[in-house]
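# Close look at the chain arrangement
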Amino acid sequence: MTRRALLLSLLAGLLLATASPAHAAGYRYWSFWDRTGSTWTYATEGPSTSVPSDGDVQGFRFAVSEDSADADTPRGSASFTAICGDTAARDGRKRVALVLDFGTAADAPSGETPPARRTACAVVPRDATTAEALATAAKPLRYNTNALLCAIAGYPQTGCGEQVSGKKTGPEQSGSDGGPSVGLYAGLAAIAVLGAAAVWQTRRRRNAA
């Protein structure tokens, strides 16, 4: 293999290895979670059909995510005792601990500021759904025509599960602006050094000859 071919091969490999991948499409929405012990699990059904029991902890998180596997969980500690410990049990009623995480500024719709995370102890009839428990603790709620939960406590004011260009990332993740990564520039610099060395070696051999 000639030096030129070798350099081209190295360049192609570095470009493939270091170029920033395109952001996948994401959706801005409220995700729904069940908590067992210290673990959040993405709910297997919607809040309008889920019927929690007395003592359950459920959470909602507003964020941009690609799907359920990528969704962000509610932040902070959450336990039934901490949220509903001061609320006495009542006949024919149940207590549901709710965690409401309005997300970060990076995930907020343009022009809106997410409220602070909060918790609530909803006391509702034994057969009440999560949606009914939520309605007692975080009005106003907003749904779309397909019964998708769009807003909790009035947030966000507009929009409902709209698609966005990609999942927003935190400052610790480099290349999040979709531009060339630091690794790409480093790779190009390495190619330039290799190229200069090859030229120098060729000239040296010609002069020696």
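Let us look at the state of the cysteines. If you walk through the whole model with that rule in mind, you get two disulfides. With a sulfur-sulfur separation of 2.1 Å, Cys84 is cross-linked through a disulfide to Cys121. Residues Cys84 and Cys121 share a disulfide whose torsion about the S-S bond is about 115°; that sign makes it right-handed. Note that Cys84 is positioned in helix α2 (residues 80–84) and Cys121 in strand β5 (residues 118–125), a separation of 37 residues in sequence. Covalently, Cys150 is tied to Cys160 through a disulfide, its sulfur atoms 2.0 Å apart. A torsion of -75° about the S-S bond marks the disulfide between Cys150 and Cys160 as left-handed. Pair noted here: Cys150 is in strand β7 (residues 149–151) and Cys160 is in the loop between β7 and β8 (163–164), with a separation of 10 residues, a long-range link.

This part covers unusual backbone geometry. Residue Pro140 is bonded to the preceding Lys139 through a cis peptide linkage, with omega at -5°. For Pro140, the location among the structural elements is in the loop between α3 (130–137) and β6 (142–143). Of the consecutive residues Tyr155 and Pro156, the connecting peptide bond is found in the cis state with omega at -5°. Assignment of secondary structure puts Pro156 in the loop between β7 and β8. Despite not being glycine, Ala147 has its phi angle at roughly 65°, a positive value.

Along the chain, Arg28 turns up in strand β1 (residues 26–36). Among the residues examined, Arg28 registers a relative accessible area of 9% and is labelled buried. Among the polar contacts listed, one links the side chain of Arg28 to the backbone oxygen of Asp107, at a separation of 2.9 Å.

Reading guide: rules and limits
- The numbering scheme is per chain: residues are counted from 1 as the chain's sequence reads.
- Residue-level local features of this predicted model are given only where pLDDT is at least 70; pairs of side-chain atoms are given and counted only at 80 or more, and the full residue set underlies all totals for whole chains, interfaces and linings.
- In computing side-chain values, all of the structure's heavy atoms are included and hydrogens and water are not.
- Count a disulfide wherever a pair of cysteine sulfur atoms falls within 2.5 Å.
- Strands here mean DSSP runs of E at least two residues long; helices mean DSSP runs of H or I at least four residues long; both are numbered from the N terminus.
- Type-normalised accessible area, obtained with a 1.4 Å probe on protein chains alone, sets the label of each residue: buried when under 20%, exposed when over 50%, and partly exposed for intermediate values.
- Polar contact criterion, stated in full: a pair of N or O atoms within 3.5 Å, where within protein one must be able to donate a hydrogen and the other to accept it, and residues adjacent in sequence count only if both atoms are side-chain atoms.

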